Amino acid sequence: MFEHGGKLRAASGQFGIPLSDWVDLSTGIAPIPYPMPELPASVWQRLPEEEDGLLDAARGYYGAKNLLPVNGSQAAIMALPRLRAAGTVAVLFPGYGEYAPAWAAAGHGVIECTADEVLQKNADVIVLANPNNPDGQVFSREALLAAAERQAQRQGWLVVDEAFADVDSGHSLAAVAGTEAAKNVIVLRSLGKFFGLAGARVGFCIAAKDILNRLQDLLGPWPLANPARFAAKVGLGDTAWQINQRAYLCQASARLAALLRQYGLAPKGGTALFQYVPFQRGSEGVAALYTHFAQRGILVRRFTQPAALRFGLPDCEVAWTRLEAALRGAKMEKARDGKNP
Ligand SMILES: Cc1ncc(COP(=O)(O)O)c(C=O)c1O
């Protein structure tokens, strides 16, 4: 099974550090979440209703007409492969690790492709995240639309996961996915990252009506709980908060990139929510550095193939200070051992 970040309890047990003492940088979830107002009692008591305003809020925020709320974009990642007969699927690698197993489990032949290959691949379905997780690779809107057109000629799909596209949506296909111009484009969005509401499990699938109808049939009634619908509706409609959040995340990610650079871990890519640091020396160096941070109560995300660390954003000044101290310590150890990352 694909390993996710955010496993603080496991890290706490492994490194013998109490849960409350950790700085969790292992995810791409905004460290400051949308401030949820108190939920009315009816939200808990009543069954979800489609006309509760969520769809309008989402249409306004994404600029999209046809969308289906799902139980986290993960629910769509798992279900979409079951809407097609078995075929070939080009999946971006390195990328989010949930796509390949989901398509393979539904009987499709999965081909892992580099960023240079993926949009050119001769495949029934192309799946990628834009920007990509973990390396922040961005695909231009033009390149995506050209690939979508090629896919349309073979009744193929282009699936674009825009989980990290909220801060800079310049290359987003959300407004065109499923329209006449891009009928075979499916866009996935998440409230887990920018809104910091990963626990609410809210995502959207934006696609042509017939695809959404089939997805809805597969997922069944009430894919989203009422508290999650309520949370999403208020967050998606709060433009003032979104403007502040964008500014805050941009500033924090620039600060993180500069800090990593200062201590010899220059990021090779990233988004407003994380920075990606690949390692030439392979997974040994990554493991040592991961452990160095973890022993100081800082959980980062480790990748072995290719070897890399991913850093999320610290949530307060104390966390920034602790990260800097750990980076300084790592740099001193490296200098002592005569090694470079
Ligand atoms: C690229 C990408 N897509 C989708 C997801 C799943 O998001 P959600 O919480 O909406 O299921 C993640 C979670 O880490 C992700 O990184």
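Residues numbered from 1 in each chain as written. Predicted model: local features only at pLDDT ≥ 70, side-chain atom pairs only at ≥ 80, totals over all residues.

Draft legend 1. Spatial organisation of the domain arrangement of the protein. Here the protein is partitioned into domain 1 (8-33 + 240-337) and domain 2 (41-237). Taken over C-alpha atoms, the centre of domain 1 sits 27 Å from the centre of domain 2. Counting from both sides, the interface comprises 19 residues of domain 1 and, opposite them, 16 residues of domain 2. The set of elements that each furnish at least two residues to the side of domain 1 that touches domain 2 consists of helix 9 (239-262), strand 9 (269-271) and strand 12 (307-312). With four residues, the single largest contributor to the side of domain 1 that touches domain 2 is helix 9. Classifying every residue of the side of domain 1 that touches domain 2 gives 12 nonpolar, five polar and two charged. (Domains from an automatic or database assignment. Contact = placed C-beta atoms within 7 Å. Helix = DSSP H or I, 4+ residues; strand = E, 2+ residues; numbered from the N terminus. Nonpolar A, V, L, I, M, F, W, Y, C, P; charged D, E, K, R; others polar.)

Draft legend 2. Just the site of the ligand, in detail. Not every one of the 13 residues close to the ligand is listed here, only the nearest: Gly72, Gln74, Ala163, Ser190 and Gly192. In the shell around the ligand, the residues fall into four nonpolar, eight polar and one charged. (Near = placed C-beta within 6 Å.)

Draft legend 3. Fine view of the sheet that holds strand 12. The five strands lie next to each other as 1-11-12-10-9, forming an open sheet whose pairing is mixed. The open sheet has two free edges, formed respectively by strand 1 (23-25) and strand 9, since each of these has just one partner strand. Between one strand axis and the next, the sheet turns through 25 degrees on average, direction left out of account. Of the pairings in the sheet, the one linking strand 11 (residues 298-304) to strand 12 comprises four bridges and is antiparallel in character. Across the sheet, the residue bridging to Arg302 is Leu309, located in strand 12. (Pairing = 2+ DSSP bridges. Axes fitted to C-alpha atoms, helices over the stretch in contact; angles between N-to-C directions.)

Draft legend 4. Local environment of the nonpolar core. If you look at the biggest cluster of nonpolar residues, it comprises 105 residues, and the most contacted ones within it are Val91, Ile126, Ala177, Val185, Ile186, Cys205 and Ile206. A domain split of this core shows at least three residues from each of domain 1 (8-33 + 240-337) and domain 2 (41-237). With sequence-adjacent residues up to four places away left out, Ile126 is seen in contact with Ala90, Val118, Leu119, Lys121, Ala147, Gln151, Leu158 and Val159. (Core = buried A, V, L, I, M, F, W, Y, C linked by C-beta atoms within 7 Å. Buried ≥ 20, exposed ≤ 12 C-beta atoms within 10 Å, placed from the backbone.)

Draft legend 5. Geometry of helix 8 (residues 226-237). With 12 residues, helix 8 should reach 16 Å at 1.5 Å per residue; the first-to-last C-alpha distance of 17 Å fits that figure. Three or more residues of helix 8 are buried, namely Asn226, Ala228, Arg229, Phe230, Ala231, Ala232, Gly235 and Leu236. Residues of helix 8 that are buried sit in contact with helix 2 (41-45), helix 3 (54-62) and strand 2 (67-70). (Expected span 1.5 Å × (residues − 1).)

Draft legend 6. Local environment of the sheet that holds strand 6 (residues 157-161). The mixed open sheet is built from seven strands, whose spatial order is 2-8-7-6-5-3-4. Bordering the open sheet on either side are strand 2 and strand 4 (109-113), each of which pairs with just one other strand. The mean angle between the axes of side-by-side strands here comes to 20 degrees, regardless of whether they run parallel or antiparallel. Of the pairings in the sheet, the one linking strand 2 to strand 8 (residues 203-206) comprises four bridges and is antiparallel in character. Pairing of Pro69 across the sheet is with Phe204, part of strand 8. Along the sheet, helix 6 (residues 141-153) makes contact with strand 5 (125-129), strand 6 and strand 7 (185-190), crossing strand 6 at roughly 150 degrees.

Draft legend 7. Representation of the pairing of strand 11 in the model. Across the seven residues that make up strand 11, a large majority, six, are buried. Pairing geometry for strand 1 and strand 11, over three bridges, is parallel. Bridged to Asp24 within strand 11 is Leu299. Hairpin geometry of strand 11 and strand 12 is characterised by an intervening segment of two residues between the two adjacent antiparallel strands.

Draft legend 8. Layout of the packing of helix 3 against helix 8. Two numbers describe how helix 3 lies on helix 8: the axes approach to 9 Å, and their chain directions differ by 35 degrees. Along this stretch, helix 3 crosses helix 8, giving a crossing that reads as left-handed. Facing helix 3, whose interface residues are Leu54, Ala57, Ala58 and Tyr61, helix 8 presents Arg229, Ala232, Lys233, Leu236 and Gly237. Grouping the amino acids of the contact of helix 3 with helix 8 by side-chain chemistry returns six nonpolar, one polar and two charged. (Left-handed = near helix turned anticlockwise from the far one by under 90°.)

Draft legend 9. Representation of the environment of Gln280 in the model. Tracing the sequence through the fold places Gln280 in the loop between strand 10 (274-278) and helix 10 (283-295). The sequence separation of Gln280 and Pro306 amounts to 26 residues, and the corresponding C-alpha distance is 9.2 Å.

Draft legend 10. Molecular detail of the pairing of strand 7. Counting buried positions along strand 7 yields six of six residues, so the element is predominantly enclosed. Here strand 7 shows a buried face lined by Val185, Val187 and Arg189 and a second buried face lined by Ile186, Leu188 and Ser190. Of the strand pairs in this sheet, strand 6 and strand 7 are connected by four bridges, and their pairing is parallel. In the sheet register, Leu158 faces strand 7, and the bridge partner there is Val185. Where strand 7 and strand 8 come together, four bridges link them in antiparallel fashion. Its bridge partner lying in strand 8, Arg189 is registered against Phe204.

Draft legend 11. A look at helix 9. Spanning 24 residues, helix 9 covers 35 Å between terminal C-alpha atoms, matching the ideal 34 Å at 1.5 Å per step. Taken together, the buried positions of helix 9 are occupied by Gln245, Leu249, Ala252, Ser253, Leu256 and Leu260. Just beyond helix 9, the residue with positive phi is Gly264, at close to 80 degrees.

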